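# Working through the structure, step by step
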Number of protein chains: 2
Amino acid sequence: MTNSSSERPGEFELIAELFAPLATHAGAFGLTDDAAVIAPPAGHDLVVTTDTIVEGVHFLADDPPETVAKKALRVNLSDLAAKGAAPIGYLLAISIPSRVGMDWLRDFASGLREDQQAFGISLLGGDTTSTPGPISIAVTAFGHLPVGSMLRRSAARSGDLVFVSGTIGDAGGGLACLKREGRSLDEAHRAFLIRRFRLPEPRTALGLALRGVASASLDVSDGLLADLAHVADVSGVRIVVEAAKLPLSPALRALKGESAPLFAATAGDDYEIAFTAPPGSRSHIAEIAHQCGLPVTEIGTVEPGAGVVLTDANGREIPVCRKGFTHF
Amino acid sequence: MTNSSSERPGEFELIAELFAPLATHAGAFGLTDDAAVIAPPAGHDLVVTTDTIVEGVHFLADDPPETVAKKALRVNLSDLAAKGAAPIGYLLAISIPSRVGMDWLRDFASGLREDQQAFGISLLGGDTTSTPGPISIAVTAFGHLPVGSMLRRSAARSGDLVFVSGTIGDAGGGLACLKREGRSLDEAHRAFLIRRFRLPEPRTALGLALRGVASASLDVSDGLLADLAHVADVSGVRIVVEAAKLPLSPALRALKGESAPLFAATAGDDYEIAFTAPPGSRSHIAEIAHQCGLPVTEIGTVEPGAGVVLTDANGREIPVCRKGFTHF
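About the criteria used
Residues numbered from 1 in each chain as written. Chains lettered and ligands numbered in written order. Predicted model: local features only at pLDDT ≥ 70, side-chain atom pairs only at ≥ 80, totals over all residues. Heavy atoms only, no water. Helix = DSSP H or I, 4+ residues; strand = E, 2+ residues; numbered from the N terminus. Rg over C-alpha atoms; globule rule 2.2 N^0.38 Å. Buried < 20%, exposed > 50% of the residue type's maximum accessible area, 1.4 Å probe, protein only. Contact = heavy atoms within 4.5 Å. Lys, Arg positive; Asp, Glu negative; His and termini not counted. Charge placed at Lys NZ, Arg CZ, Asp CG, Glu CD. Pairing = 2+ DSSP bridges. pLDDT = per-residue confidence, 0-100. Phe/Tyr/Trp six-rings, centres within 6.5 Å; stacked < 30°, edge-to-face > 60°. Salt bridge = Lys/Arg side-chain N within 4 Å of Asp/Glu carboxyl O. Polar contact = N/O pair within 3.5 Å; in protein donor to acceptor, adjacent residues only side chain to side chain. Nonpolar A, V, L, I, M, F, W, Y, C, P; charged D, E, K, R; others polar. Least-squares fit on C-alpha atoms with pLDDT ≥ 70 in both.

### Side note on the overall build of chain A
- A tally of helices and strands in chain A yields 10 helices and 11 strands.
- Relative to the 2.2 N^0.38 estimate, which gives 20 Å for 328 residues, the radius of gyration of chain A is 20 Å and therefore close to what a compact globule would have.
- Projected onto its principal axes, the C-alpha positions of chain A cover 65 × 55 × 35 Å.
- Considering chain A as a whole, with its 328 residues, one finds that 60% of them fall into the buried category.
- Relative to all contacts within chain A whose residues are 6 or more apart in sequence, the contacts with residues 24 or more apart total 85%.
- Looking at charge distribution, chain A has the averaged site of its 28 positive side-chain charges lying 5 Å from that of its 38 negative ones.

Encoded structure:
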């Protein structure tokens, strides 16, 4: 934390000052009640997801509070996006050590406010508690979509192609920079990579457009290969990813050189959408990508079998020791 | 923790072994996806609430893992109950330090399973993460009720009576026992109080029966007076509680003697329902209490004005320094 000197009011004053103004949804009752009321539009399901970020694990103690707030929200909005759900709002459960002062919390709330406007969502409710440990932020995000239209992990079919949005590996590169790697890197590259670590970009418009187009879809959080392994597993297929096709940023190439593709395939924290679709939808997907103003790259194929492999240009498997990030 | 020697598998194996069997709701997809799908029955709203419990703050490091799991669930189910909502399921976001072993986690999952059966609910999804800090468990609970029927904090009216379920102060007494107070206390009393601290009893049947009967309602978590102060505040009324009318258990009386009523009024962690209702519903409420097999006690009145006061039998205000628990 960069501060702790500002005096902090009580729990209820904190909620009234910082968080109640964020509760713009009618069912949040201005945070004056114990619970929120929410109903999906007629013919729609609610989609719910929860992800926690912990200081020292998912963000660093000296990350700006605004970006910590945004990351906590966005990792959840990214899950909704990959499922094809339009975001509605979120619950915030934050555990705050006593060293964290009002300055930090005000900046944190500012970050939430900015992203609420950017994504058209509302705080719905939450919980603040003290902790003897690190700052911990659990967000539960709510979205909606037409009944039965959620993009699943389990519907990849042999013969499908594999796609990914944006560029991958950048967030991992940003974390490496924050851990003092790449000191000779061009400052603009460094800033780009660090921003990608701190500020994921939920691909909401893409996710909505992929409903009825993608067969399987998920967001890349643990690492591209690890996440595609989940798809392969629950879909009962084998996924082959060509290393040379991975979309990499100039900044990541500058940081990692020849090892950039392998690094990117396993780095995690990308929050891009990886999805599968039948070959017939290639041109439709190109059109969607164009409309979303976002590159979407074909990176591999779905085959009969099991597991996920990374191959070189000659179809030979590249050995990968660690397919992604796991917490344990 | 009472153990940490058992070896722990990876994150995904942990989820598959311990948590996937708890995801019985169709919309949870057996925890094989990034998000869950949920829709309230026709004509119903979803009610959502989140509460986090942190080791060393809301439970003690040597509390049994089964009761830690149940407490994490029940503090949330209690919020649903006080709002008149029937529980459906929950999301679980748990942060686990590396010292916690599989034995602890298996017992924790057992506690969840038992309470899922007891309350007819399903795990819907969640997140497991590592933490350098204490164990932290954030639960988001989902319930449903007919559109517009949520029991609010804001609808207490001057002339209403104030009621509370069960007995209050017991959990605070239990915590005092765990902190080595009351060593001369009868063992049955001690066990009763500690159980009340570790295992709140969500008053689900009572909450459902109070829909359309209570004017305002909430669960007692921060302390009776502090919680009623929220009702007074958002309803724009004054609440007067008579100390002599507070329902106290023989165990708490044995532990606290003459100071029991004042202790109970501010102790917190009770998870009983405090509510207001017009005098005309007195006999209806007695009937509901009888049907629920739960004492419901009239403890005060709602008046014009602001704030909450505790009075003696002669209507004189009893000074209270600290109306309840706040985290900061």
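Anyway, onward from the coordinates.
### Some details on the pairing of strand β11 (residues 307–311) of chain B
Residue and element names in this part refer to chain B.
- In terms of residue burial, β11 counts as a mostly covered element, since four of its five residues are buried.
- As defined by bridge partners, strand β8 (residues 238–242) adjoins β11 across five bridges and the pair is classed as parallel. Looking at the pairing, V241 lines up with L310 of β11.

### Digging into the confidence of the model for chain A
Residues and elements named next belong to chain A.
- Mean pLDDT over chain A works out to 93, with 95% of the residues at or above the 70 mark.
- The low-confidence segment residues 1–5, where pLDDT is below 50, has 12 contacts with residues more than four positions distant or belonging to other chains.
- We note a pTM of 0.92 for the whole complex and an ipTM of 0.90 for its interfaces.

### Quick notes on the packing of aromatic side chains
- Scanning the entire structure with this criterion turns up five aromatic pairs over all chains.
- Relative to F108 of chain A, the ring of W104 of chain A has its centre 5.4 Å away and its plane inclined at 15°; by these criteria the two rings are stacked. Of this pair, W104 of chain A and F108 of chain A are both found in helix α3 (residues 102–119), four residues apart, which corresponds to roughly one turn of the helix. Across the pair, exposure class does not vary: W104 of chain A and F108 of chain A are buried alike.
- Considering the side-chain rings of F142 of chain A and F142 of chain B, the 6.0 Å spacing of their centres and the 55° angle between planes classify their relative orientation as tilted. Taken together, the residues span two chains, with F142 of chain A in strand β5 (residues 136–146) and F142 of chain B in strand β5 (residues 136–146). Comparing F142 of chain A with F142 of chain B shows no difference in burial state: the two are buried.

### Re the pairing of β8 of chain B
- Pairing geometry for β8 of chain B and strand β10 (residues 296–303) of chain B, over four bridges, is antiparallel. Paired with V240 of chain B across the bridge in β10 of chain B is T301 of chain B.

### A short note on the interface of chain A and chain B
- Across the contact, 61 residues belong to chain A and 60 residues belong to chain B.
- Between chain A and chain B we count eight salt bridges in total.
- The salt bridge involving K83 of chain B is made with D34 of chain A; its shortest N-O contact spans 2.9 Å.
- Counting the contacts that link chain A with chain B gives 21 residue pairs in polar contact (both at pLDDT 80 or more).
- Mapped onto the side of chain A that touches chain B, the elements with two or more residues apiece are α1 (11–19), β1 (36–38), β2 (44–54), β3 (86–96), β4 (122–130), β5, β7 (216–219) and α7 (224–235) of chain A.
- Broken down by element, the residue count for the side of chain A that touches chain B peaks at nine residues, all from β2 of chain A.
- Looking at the side of chain A that touches chain B residue by residue, the class counts come to 28 nonpolar, 19 polar and 14 charged.

### With respect to the relation of the copies chain A and chain B
- Of the transformation superimposing chain A on chain B, the axial component is 0.0 Å and the angular component is 180°, with the fit at an RMSD of 0.0 Å. This pairing of chains is accounted for by a two-fold axis. Nearest to the rotation axis, the C-alpha of G133 of chain A is located 2.2 Å from it, this being the minimum over chain A.
- Mapped onto chain B, 98% of the interface residues of chain A again fall at the interface, so both copies present the same surface.

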